[in-house]
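So you can see what is in the structure, the chains are spelled out below.
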Amino acid sequence: MSETTSLLASGHRACAGCGAAIAVRQVLEAAGPNTICVNATGCLEVTTTPYPQTAWRVPWIHVAFENAAAVASGIEAAYKALRAKGAIPKDKKPNVIAFAGDGGTFDIGLQALSGMLERGHNVLYVCYDNEAYMNTGIQRSSSTPFGAATTTSPAGKVIPGEMRKKKPIALIAAAHDIPYVATASIAFPADLKRKVKKALEVEGPSFLHILAPCPTGWRFGTEKTVEIARLAVETGVFVLYEITNENPLRPIVTKKIKDRKPVEEYLKLQGRFRHLFKPVKRQDIIDKIQEEVDRKCKLFGVDED
Amino acid sequence: MKIEPGGAIKEPGSSVAYKTGGWRTFKPVIDAEKCISCWICVGFCPDAAIKKTEKGKPPIIDYDYCKGCGICANECPKNAIEMIFEEK
Amino acid sequence: MMRIVKGNEAAAIAAKLAKPDVVAAYPITPSTDFPEKIAEYVANGELPHTQFIPVESEHSAMSACIGASAAGARACTATSSQGLELMHEMLFIASGMRLPIVLYNANRALSAPINIWCDHQDSISARDTGWIQFYGENNQEALDLMLMSFRIAEDPRVLLPAMTCIDAFICTHTFEPVDIPSQEEVDAFLPPYKPTHVKLDPDEPMTLGPFGVPEYYQEMRYAQHLAMKNAEKVIDEVFEDFERRFGRKYSKVSPYMVEDAEIVLITLGSVSGTTKEFIDKMRKEGKKIGMVKLTVLRPFPFRELIPLIKNARVVATLERNISLGYGGAIYADLAGTLINEEKRPLLIDFILGLGGRDITFNDLEEIVKVCEKLIRGERMERPVWIGVKKELVT
């Protein structure tokens, strides 16, 4: 995958070390050029299309923040109609992929997503999750994990950061009983690409939740983006799984973890969790996070025996 | 330049006109001796600023676009990439 | 072929004749018949290629239409009142992205308080969105204007979305005889949609909806302004072509008895029919009253309207809407034009018929009385509310 073939061209204005950019490059490499992209408002959209330049080498449309799934539904239906009336060849079936951040998916975009999934449109919805409204300056979203500091869930004297749990978006998507749901991490590109290909193969809606760490918002050195995406999986904070028609509504872990690392190793590398270590170590919160991760790993069956 | 209706951009990948290489403070330098042509760095670059070459050769970094994030250096299994402070 | 249909069905029939590729719609009283009819046509195989998307909200309805239109499909939808408001941000976007989407709006009052009956507040509050706006008087106009909307919107000189507004219940649910053209006639009038300016096609990758930085935003808006100006000409052309083919004449403005009129009433929608009969009555009584019905509100027909009204003593706008703190919308649109005319009538707005309140001859007589007072030199506060049971409030 060189510069000239990358479907996301160089020159885009994403931050150095942007996890979302890595995620998109990996998705597009698996999807190929026969792809139409819909993009919700957010970091990805803004940094890749400053008029009159675009980093996209595939057809791409941005409409608004909360409706990527609805726009994708319209495009998918349009192609069905145009094929049916013979305006385009019957075998012209580009992939339709909707890209949205956690903002445009978990929160403001949830309704449109639910509608698209329920109606069964043949669209792959990819959520690149950087766990806050990053483009507008790092405000919390329902994806922001317990204990993380954002500008609207700051670590204050009384409340130490976000005290709510992360919304289980992939499970919500799966509850719509769609053919394919998966979680992926940019640190495991082969796994991610395999999942993209599988999602695009199924007829009907598919959902891919990708953890895309953000050096700017999570506050770590730009070189650590992939490392942190790996640690998230190795500590059990982010579970890699699939939910498919073979096992409806049951997550099957795609990467079991041997000797799962303690969450502290993941937390201590990120400035958004700094308040858990300085000025005084909040072992109580770290323990709570560990407890929750342990509970989740047991539930999903993450640990390799 | 004429503005298309709705601001449609008809030239794909035209962002290459903007050289993000000017952003960096540190620049990656590959030690060809250590490189094993695994291309892991090529896959992880957010900016497609490393190009795959051929087996036995190291990848080529496009310094016009490299933002100096250091992911390539951090991920290289052979520590073949070093981030050097760049004098302007 | 003559059929007795309600307004909603007339609009749905027009959409059917236009052979849309995608109809994404959410039901809302009183426009629900439109998506129901489309669903029926599709289920019965009468629209074999059309994709009907039963979206989960009006916001998604316009979003899906935008996606479909951008992909090269002919897309349309229908809504009313709260639904039009919910898709408000998307209306601007559809226009800004230059997508010729057609919308059928049943003019219904806005909450709060919630009310399902006729007034114009919904589409009036959307007149800044960059959409072409048509207002129909009756069910025939509902069908005809819907058909023409497609042709005008898709014209390469225009490429702006268009809405046809029809009065809730008064037209949407009233059965009237409507002359329905044949599919062949419509096919000759309205060719298939073949966009050249936008497409989402891997063979020709384009980026649509980019980040419009300050250096270029103003120019993009200006391009829309030029398109809206072109629409003025294209609308006339299409009206003319329509008359030639279907025998029914449409104009941006339709005057009645204005030549010697001292008082001219400006109307929008179904009240035009009532007003016309009222003027006949007034004329029998020797009063010099006339009217102008507006069929097009955007682009505002300044040029056509001024010569018709400038010689009157008083021009009264009948407003089924109000911008609280200012007054009526037609008044506002008109006042801005008349102010620069050397010879200009007095202008006054009347608020009436809100929330489905019927407009009767009594109301119109009251309007005439007020206008006569103005002619006699009396001045009064505007806007003037007609038919309000003030004793319930004050």
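All values derive from a computational prediction rather than experimental measurement. (Residues numbered from 1 in each chain as written. Chains lettered and ligands numbered in written order. Predicted model: local features only at pLDDT ≥ 70, side-chain atom pairs only at ≥ 80, totals over all residues.)

**Q** Whenever I open this one, the interface of chain C and chain A confuses me. Can you help?
**A** By a widespread convention, an interface's size corresponds to the accessible area lost as its parts come together. The interface is formed by 39 residues belonging to chain C together with 41 residues belonging to chain A. Within the residue set of the side of chain C that touches chain A, elements represented by two or more residues are strand E2 (22–24), strand E3 (51–53), helix H3 (58–70), helix H5 (88–96) and strand E9 (207–208) of chain C. Top element by residues in the side of chain C that touches chain A is H3(C). It accounts for nine residues. The residue inventory of the side of chain C that touches chain A, partitioned by class, reads 23 nonpolar, twelve polar and four charged. The pairing of strand E2 (residues 60–62) of chain A with E9(C) spans two bridges and is parallel. Residue pairing in the sheet places A:Trp60 in a bridge with C:Thr207 of E9(C). (Contact = placed C-beta atoms within 7 Å. Helix = DSSP H or I, 4+ residues; strand = E, 2+ residues; numbered from the N terminus. Nonpolar A, V, L, I, M, F, W, Y, C, P; charged D, E, K, R; others polar. Pairing = 2+ DSSP bridges.)

**Q** Where do I start with the sheet that holds strand E4 (residues 75–80) of chain C in this structure?
**A** Whether parallel or antiparallel, the strands of a sheet pair through hydrogen bonds between backbone atoms. All names here are of chain C. On the basis of which strands lie adjacent, the open sheet formed by seven strands has the order E3-E2-E4-E5-E7-E6-E13 and mixed pairing. In this open sheet, the two strands that pair with only one neighbour each are E3 and strand E13 (296–298). When the angles between neighbouring strand axes are averaged without regard to direction, this sheet yields 20 degrees. Bridging between strand E5 (residues 102–107) and strand E7 (residues 162–167) involves six bridges; their strand directions are parallel. When the bridges of E7 are listed, asparagine 107 appears paired with aspartate 167. Packed onto the sheet, helix H7 (residues 139–154) meets E5, strand E6 (132–135) and E7 and runs at close to 170 degrees relative to E7. (Axes fitted to C-alpha atoms, helices over the stretch in contact; angles between N-to-C directions.)

**Q** Just checking my understanding: could you explain the interface of chain B and chain C for this structure?
**A** Each partner contributes residues to the interface: chain B has nine residues there, and chain C has 16 residues. When its residues are assigned to classes, the side of chain B that touches chain C shows five nonpolar, two polar and two charged.

**Q** Mind showing me how you'd approach helix H7 (residues 189–201) of chain A here?
**A** Given 3.6 residues per turn, any residue in an α-helix points the same way as the ones three and four places further on. All names here are of chain A. With 13 residues, H7 should cover 18 Å at 1.5 Å per step; its first-to-last C-alpha distance of 18 Å lies within 8% of that length. For H7, the set of buried residues is Pro189, Leu192, Lys195, Val196, Ala199 and Leu200. For H7, the angular spread of the buried residues around the axis is 130 degrees, confining them to a single face. In H7, the exposed positions angled more than 90 degrees off the buried face are occupied by Ala190, Lys197 and Glu201. (Expected span 1.5 Å × (residues − 1). Buried ≥ 20, exposed ≤ 12 C-beta atoms within 10 Å, placed from the backbone. Arc of directions from axis to C-beta.)

**Q** In this structure, what is going on with the domain arrangement of chain C? I would like to understand it.
**A** Residues and elements named next belong to chain C. Each assigned domain of chain C is listed with its residue range as follows: domain 1 (2–246) and domain 2 (253–392). Summarising the inter-unit geometry, the C-alpha centres of domain 1 and domain 2 are found 28 Å apart. Between domain 1 and domain 2, the residue contacts involve 26 residues of the former and 19 residues of the latter. Of all the secondary-structure elements, those providing two or more residues to the side of domain 1 that touches domain 2 are helix H6 (121–124), E6 and helix H9 (214–246). By residue number, the principal contributor to the side of domain 1 that touches domain 2 is H9, which donates five residues. Taken together, the residues of the side of domain 1 that touches domain 2 sort by class into 14 nonpolar, six polar and six charged. (Domains from an automatic or database assignment.)

**Q** Looking at this structure, I do not really get the nonpolar core. What am I missing?
**A** One broad rule of soluble globular proteins: the nonpolar side chains tend to lie buried together. C:Ala11 and C:Ile66 are the most contacted members of the largest nonpolar core, which totals 261 residues. The element that contributes the greatest number of residues to this core is helix H3 (residues 68–84) of chain A, accounting for eleven residues. In this structure, C:Ile66 is in contact with A:Val63, A:Val71, A:Gly74, C:Met90, C:Ile93, C:Ala94, C:Met97, C:Leu99 and C:Ile101, ignoring residues within four places of it in sequence. (Core = buried A, V, L, I, M, F, W, Y, C linked by C-beta atoms within 7 Å.)

**Q** How do you make sense of helix H9 (residues 225–234) of chain A when you look at a structure like this?
**A** All names here are of chain A. Counting buried residues along H9, seven of its ten residues qualify, which places the element largely inside the surrounding structure. Burial in H9 covers these residues: Thr225, Val226, Ile228, Ala229, Leu231, Ala232 and Val233. Looking at the residues trailing H9, positive phi occurs at glycine 236, about 85 degrees.

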